[in-house]
Amino acid sequence: MPRKKEVVSGNFSKYDAVVIGSGPAGEGAAMKLAKSGKRVAIVDIREQLGGNCTHVGTIPSKALRQTVSSIIRYQRDPMFKKVGDWKQFTMKQVLRNAHKVIQQQVDTHSRFYDRNNIDVFHGRAYIQDKSTVLIFSDDGIKETLSFKQLVLATGSRPYHPQGLDFNHPRVFDSDKILDLDFPIHKIIIYGAGVIGCEYASIFIGLDHKVDLINTQHQLLSYLDDEIADALSYHLREQGVLIRHNEQIERLETFDDHVVMHLQSGKKIKADAILWCNGRSGNTDGLGLENVGITPNSRGQLAVNDQYQTEVENVYAAGDVIGWPSLASAAYDQGRCAGSNMSGEKDVKPVKDIPTGIYTIPEISFFGKTESQLTAEKIPYEVGQASFRHLARAQITGDTTGELKILFHRDTLELLGVHCFGNNAAEIIHIGQAVMQSGNNTIKYFVETTFNYPTMAEAYRVATLNGMNRLF
Ligand SMILES: Cc1cc2nc3c(=O)[nH]c(=O)nc-3n(C[C@H](O)[C@H](O)[C@H](O)COP(=O)(O)OP(=O)(O)OC[C@H]3O[C@@H](n4cnc5c(N)ncnc54)[C@H](O)[C@@H]3O)c2cc1C
């Protein structure tokens, strides 16, 4: 077990570095600082480590999705269908698996702190001045930690607009949805960003009716157009009703349903609403004013390339600094912050980040889109591999999907990799590795022997397809 310190009145401890928040950013920073020989403490409000990432964000949503994917897989497999009709699963049932995974993750991460001799405090951290953090427990008892350096890794929470009562049992955000414990048949998902689209996949996979309200004109407009179109097509095909360019006017709540009124005059009735429109940085009540740090209107902090805030000994990483708000990047940002704080030279900030979107089908990309390359007048060519032609996909039955590579038609340099379909988030890393290697050329995919049958074969197929277009 980690070296959990009981918060008792009047205790005072001295540290080289204190980290607030035990999500991926805080963990990345704490581990790096401890390995650099510093005496480190980490503070989190929760009774368990892991941050929002483990308790309400990445981990539960991905565990949920995995369960739903398995249900879909069995439903479509005639061999399993014969065993018996698949009953409808409730959210509560599928959440059981998620809670198991959360506990496993908490245990794993707790061991890291123990092994690295990092002291763990549970309570609300409040910055008193440039060298002191106070920790408040529920009953107000306080611990005082003095520090030379501080890392703010307090993460983010769902944005709550005025006029929506999130205490109503039928009004949910992405944190509260994990406690949904009554049956629903239809849900409104407001906000079609990554979280909204992922939950649309989960609920439609559970055979619920889903209205996905998008405030923009297309889904995830930063995706390659073809992939965004594929996502819209597949969500619609599964039964999701997507409404673009809509804005909420008001929400009426009743004991047994909700009615959303849109500014366009439409009215939608459902059993519940899941609000997925925006997140705010967790900076209020942190005492930032005591050290002269001012967050922006979304509660986010500005940092330089070293992840240092405007105050010299205070660093910040993860969702609390805004883009890209991904667990993957948060961990690396935390590590970079820790490296800079330890005096390491030439630490590169986290810039080239792959995108993984766990809708069903899954989406992932790295590098540039076709629209970007066209706007930049780069002479690129396209290579495509449809999953339905790959032996591995035919064996697993995951034939929906495509790998698309974009490469320079003269130099054969790989410029972008776009994938949708099962395991897209894994498949993309092969392209990423080649793009970031010293020898970035698509020739690698035809001159290298890959295991067979694998989904990696898609790279060879896409390369041959693309090369056929060259003249
Ligand atoms: C539904 C959902 C799905 C997601 N899916 C993915 C995904 O698939 N892949 C991906 O890369 N990212 C995903 N994300 C994003 C990812 O979860 C976040 O980017 C990540 O959690 C950010 O990590 P963090 O370390 O910045 O902070 P967090 O994980 O938010 O942790 C911050 C911690 O600080 C604590 N804290 C805050 N204030 C204080 C205080 N004053 N005192 C003490 N403790 C405090 C909080 O309680 C929390 O435990 C998802 C997010 C959501 C909501």
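Keep in mind it's a predicted model, so treat the numbers as computed, not measured.

Definitions and limits used
Residues numbered from 1 in each chain as written. Predicted model: local features only at pLDDT ≥ 70, side-chain atom pairs only at ≥ 80, totals over all residues. Helix = DSSP H or I, 4+ residues; strand = E, 2+ residues; numbered from the N terminus. Core = buried A, V, L, I, M, F, W, Y, C linked by C-beta atoms within 7 Å. Buried ≥ 20, exposed ≤ 12 C-beta atoms within 10 Å, placed from the backbone. Contact = placed C-beta atoms within 7 Å. Near = placed C-beta within 6 Å. Nonpolar A, V, L, I, M, F, W, Y, C, P; charged D, E, K, R; others polar. Pairing = 2+ DSSP bridges. Axes fitted to C-alpha atoms, helices over the stretch in contact; angles between N-to-C directions. Left-handed = near helix turned anticlockwise from the far one by under 90°. Domains from an automatic or database assignment. UniProt positions renumbered as here; feature names shortened; annotations may be inferred.

Student: Can you break down unusual backbone geometry residue by residue, with the values?
Tutor: Geometrically, the link from Trp-323 to Pro-324 is a cis peptide bond, its omega value of -5 degrees lying close to zero. Following Ile-360, the chain continues into Pro-361 via a peptide bond in cis, with omega recorded as 5 degrees. Turning to its location among the elements, Pro-361 is positioned in the loop between β19 (355-357) and β20 (363-367). The residue Asn-117 is not glycine, and still its phi comes out positive at about 55 degrees.

Student: I'd love a proper account of the nonpolar core, names of residues and values included.
Tutor: Nonpolar side chains in soluble globular proteins tend to end up buried together. Judged by nonpolar contacts, the single largest core of 127 residues is most densely connected at Val-18, Val-151, Ile-189, Ile-273 and Ala-317. Of the residues forming this core, the biggest block, eight residues, is contributed by helix α6 (residues 194-205). Beyond its immediate chain neighbours, meaning those up to four positions away, Ala-317 contacts Ala-25, Ala-29, Val-151, Ala-153, Tyr-307, Ala-330, Gln-333, Gly-334 and Ala-337.

Student: Quick rundown of the site of the ligand? Include the residues and the values.
Tutor: As a structural note, the neighbourhood of the ligand is formed by 38 residues, with Gly-21, Gly-23, Gly-51, Gly-155 and Gly-318 the closest of them. Looking at the shell around the ligand, the elements that each hand over two or more residues are α1 (24-35), β3 (40-44), α2 (51-55), α3 (58-76), β5 (124-129) and α8 (327-341). For the shell around the ligand, a count of residues per class yields 15 nonpolar, 18 polar and five charged.

Student: Before we move on, could you go through the pairing of strand β14 (residues 258-262) and cite the residues and values that matter?
Tutor: Taken together, the five bridges between strand β13 (residues 248-253) and β14 define a ladder with antiparallel strand orientation. Directly across from Thr-253, in β14, lies its bridge partner Val-258. The antiparallel pairing of β13 with β14 creates a hairpin that spans four residues between the two strands. Pairing analysis gives four bridges linking β14 to strand β15 (residues 267-270), with the strands arranged antiparallel. Residue pairing across strands places Met-260 opposite Ile-268, the latter belonging to β15. Hairpin connection from β14 to β15: four residues lie between these consecutive antiparallel strands, with Gly-265 at a positive phi of about 100 degrees.

Student: How would you explain the sheet that holds strand β23 (residues 414-421) if you had to name every residue and give the values?
Tutor: Consider a sheet: its strands pair through backbone hydrogen bonds, and that pairing is either parallel or antiparallel. The five strands lie next to each other as β19-β20-β23-β22-β21, forming an open sheet whose pairing is antiparallel. Each edge of the sheet is formed by a strand with only one pairing partner; in this case those strands are β19 and β21 (380-386). Taken over all neighbouring pairs, the strand axes of this sheet differ in orientation by 10 degrees on average, direction set aside. Sheet topology places strand β22 (residues 401-408) next to β23; seven bridges connect them, and they run antiparallel. Across the sheet, Leu-403 pairs through a bridge with Cys-419, a residue of β23.

Student: Describe in detail the packing of α3 against α6, supporting the description with residues and values.
Tutor: Between α3 and α6, whose axes approach to 9 Å, the crossing angle comes to 40 degrees. When you trace α3 past α6, the crossing you get is left-handed. Packed against α3, whose contacting residues are Ser-61, Leu-64, Arg-65, Val-68, Ile-71 and Ile-72, the element α6 presents Glu-198, Ser-201, Ile-202 and Gly-205 at the interface. In terms of residue class, the contact of α3 with α6 is built from five nonpolar, three polar and two charged.

Student: If you had to explain the environment of Tyr-358 to someone new, which residues and values would you point to?
Tutor: Tracing the backbone shows Tyr-358 in the loop between β19 and β20. For Tyr-358, a count of 22 C-beta atoms within 10 Å translates into the label buried. Remark: the alpha-carbon pair of Tyr-358 and Pro-78, spanning 280 residues in sequence, is separated by 25 Å. Here Tyr-358 is in contact with Lys-62, Arg-65, Glu-198 and Ala-425, once residues within four sequence places are set aside.

Student: I'd like to hear about the domain arrangement of the protein chain, residue by residue, with values.
Tutor: Frequently, the measure chosen for interface size is the accessible area that the parts lose on association. As assigned here, the protein chain comprises domain 1 (4-57 + 95-158 + 280-341), domain 2 (171-277) and domain 3 (361-467). Between the C-alpha centres of domain 1 and domain 2 the distance comes to 32 Å.

Student: Hey, could you go over the UniProt feature "binding site: FAD" (unreviewed entry) in the protein chain for me, with residue numbers and the actual values?
Tutor: Residues annotated in UniProt with the feature "binding site: FAD" (unreviewed entry) correspond here to Lys-62, Thr-154, Gly-155, Ser-156 and Asp-319. Within the secondary structure, Lys-62 sits in helix α3. In this structure, Thr-154 sits in the loop between β7 (142-152) and β8 (156-158). The residues touching Thr-154, leaving out its near neighbours within four places in the chain, are Ile-20, Gly-21, Asn-282, Thr-283, Leu-286 and Val-320.

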